[in-house]
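What the coordinates show
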Amino acid sequence: IILFFGVESGSERIRNKIIRKGVRDKEIIEATRLCRKYGIESNFYLMMGFPTETKEDLKATGDIGIKANADVIGIHLTKILPGSRLYETAIEEGKISKDFIDEYIRGEHGEDWAAAWPTYVPDGLTIKDLVEAKKEAYRRFYMRPRWIFQRYWKNPSRIIQDLKRARVACNVLVHGATDSTIDARID
C-alpha cells in the first residue's frame, strides 16, 4: 500500500501562507510515522518555485522528506497553470503575458508542452537555482544510508526492481529529472 502526500513545500511559511495548505511539519511527520507503523509506504509530492521562495525555502523542501522519514519523494518545478492564483500572480508580476494562453494555443511557444509551459521562478532566483536545488534534494534524500537500509531491509526484492530503474535514478541524481523531463533550456 502506498499513500501519496501533496506536501508541496518543506517550508511551513510557503506551505501555509503562500499556497494555503494549513498543515504544520509536525502533522506531516506524524502522518508518515503512522504510515511506517502500519506498513504503508509514504510518497511525498514536492514542488519548487513558489512566490517569495528563497534558497532556504528550497532547502527546507528538500529536507522535509528526510525530516519526516518518507519512503519516496518526487520533486517538480512549479508550472504556471491557467485558473490558478499563481497564474494571476505571474501576470501581475510580469512573468507571463496576459495573452500567454492565446500564444500557446497558436503554437508560438513550440510543440513540446514541458518546454513551452512556463515554470514560475521566484524573484531573486533563477531556473538554474531551482534545478540545482532539486538535484541536491534528490541526492540528500536518496543517498542516505538510512534510506538505503530501510528500503531494502524488509523487502530485498526491491533491489532487483530498483536496478531496472537505475538509469532513471541516475538521471534524477545527476540531472534532477527523468529522461522525459530533462529541461535543456537551463543552459
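Residues numbered from 1 in each chain as written. Predicted model: local features only at pLDDT ≥ 70, side-chain atom pairs only at ≥ 80, totals over all residues. Heavy atoms only, no water.

**Things to note about the overall build of the chain**
Let me state the cut-off plainly: Strands are runs of DSSP state E lasting at least 2 residues, helices are runs of H or I lasting at least 4, and numbering of each runs from the N terminus. With a 1.4 Å probe rolled over the protein chains alone, any residue whose accessible area is under 20% of its type maximum counts as buried; one over 50% counts as exposed, and the rest are partly exposed. Any two residues having at least one pair of non-hydrogen atoms within 4.5 Å are treated as being in contact.
Secondary structure assignment for the chain yields ten helices and three strands. Within the chain, buried positions represent 39% of all 187 residues. Long-range pairs, those at least 24 residues apart, make up 70% of the contacts in the chain with a sequence separation of at least 6.

**Quick notes on the nonpolar core**
Threshold: Only buried residues count toward a nonpolar core. Its members are Ala, Val, Leu, Ile, Met, Phe, Trp, Tyr and Cys residues joined through side-chain atoms within 4.5 Å.
By size, the foremost hydrophobic cluster in this structure holds 24 residues, and its most contacted members are Val7, Phe44, Leu46, Met48, Ile73, Ile75 and Tyr142. Ile80, Leu86, Phe100 and Trp117 belong to the second largest nonpolar core, which has nine residues in total.

**Describing a nonpolar patch on the surface**
Condition: Grouping into patches uses exposed residues only, defined as over 30% relative accessible area, and leaves out salt-bridged ones; the cut-off is 9 Å for like charges and 5 Å for nonpolar side chains (Val, Leu, Ile, Met, Phe, Trp, Tyr). For the accessible areas, the method is Shrake-Rupley and the probe is 1.4 Å, while residue cover comes only from the protein chains on display. Between Lys or Arg on one side and Asp or Glu on the other, a salt bridge is scored when a side-chain nitrogen of the former is within 4 Å of a carboxyl oxygen of the latter.
Together, Ile2, Phe4 and Tyr45 give the surface a local cluster of nonpolar side chains, amounting to about 290 Å² of exposed area. Here Phe4 lies in strand β1 (residues 2–8). Under the relative-accessibility criterion, Phe4 is labelled partly exposed at 44%.

**Looking at helix α3 (residues 55–68)**
Spelled out, the test is: A helix is expected to span 1.5 Å for every residue after the first. Throughout, bend refers to the angle between the axes fitted to the seven residues that end at a position and the seven residues that start at it.
The terminal C-alpha atoms of α3 lie 20 Å apart, and with 14 residues this matches the ideal 20 Å at 1.5 Å per residue to within 8%. Of all the bends in α3, the greatest measures close to 35° and is centred on Gly62. Those residues of α3 that are buried lie in contact with β1, α1 (12–18), α2 (25–37), β2 (41–48), β3 (72–77) and α7 (127–142). Following α3 by one or two positions, Asn69 adopts a phi angle in the positive range, close to 60°.

**Side note on the sheet that holds β3**
Heads up, the rule is: A pair of strands counts as paired when DSSP detects no fewer than two bridges linking them. Axis definition: a line fitted to C-alpha atoms, limited for helices to the stretch in contact. Angles are taken between N-to-C directions and run from 0 to 180 degrees.
Spatially, three strands are ordered β1-β2-β3 in an open sheet, and the strand pairing comes out parallel. The sheet terminates laterally at β1 and β3, the two strands that pair on one side only. This sheet shows a mean twist of 20° between the axes of neighbouring strands, independent of strand direction.

**With respect to the environment of Thr61**
Note the cut-off: We define a polar contact as two N or O atoms separated by no more than 3.5 Å, with the added condition that, inside protein, one atom must be a possible hydrogen donor and the other a possible acceptor, whereas residues neighbouring each other in sequence contribute only through side-chain atom pairs.
Secondary-structure assignment places Thr61 in helix α3. Residues Thr61 and Ile14, 47 residues apart in the sequence, show an inter-C-alpha distance of 9.6 Å. If sequence neighbours within four positions are ignored, Thr61 has contacts with Glu8, Ser9, Gly10, Ser11, Leu46, Met47, Met48 and Glu53. Of note is the side chain of Thr61, whose polar atom sits 3.3 Å from the side chain of Ser9.

**Side note on the packing of aromatic side chains**
Note the threshold: Any pair of Phe, Tyr and Trp rings, taking the six-membered ring for Trp, is counted once the centres come within 6.5 Å. Such a pair is stacked with planes under 30 degrees apart, edge-to-face with planes over 60 apart, and tilted for the rest.
Taken as a whole and judged by the stated rule, the model has six aromatic pairs. Taken together, a centroid distance of 5.6 Å and an interplanar angle of 20° make the contact between Phe4 and Tyr45 stacked. With Phe4 in strand β1 and Tyr45 in strand β2, this residue pair connects regions lying 41 residues apart in the sequence. With 6.1 Å between their ring centres and 25° between their planes, Tyr138 and Tyr142 make a pair best called stacked. With Tyr138 and Tyr142 both in helix α7 and four residues apart, the pair spans about one turn of that helix.

**Quick notes on the side chain of Thr119**
Position of Thr119 among the secondary structure elements: in the loop between α6 (113–116) and α7. Of note is the side chain of Thr119, whose polar atom sits 3.1 Å from the side chain of Lys79.

**Structural notes on the environment of Arg139**
On the secondary structure map, Arg139 appears in helix α7. For the pair Arg139 and Val174, spaced 35 residues apart in the sequence, the C-alpha separation amounts to 8.5 Å.

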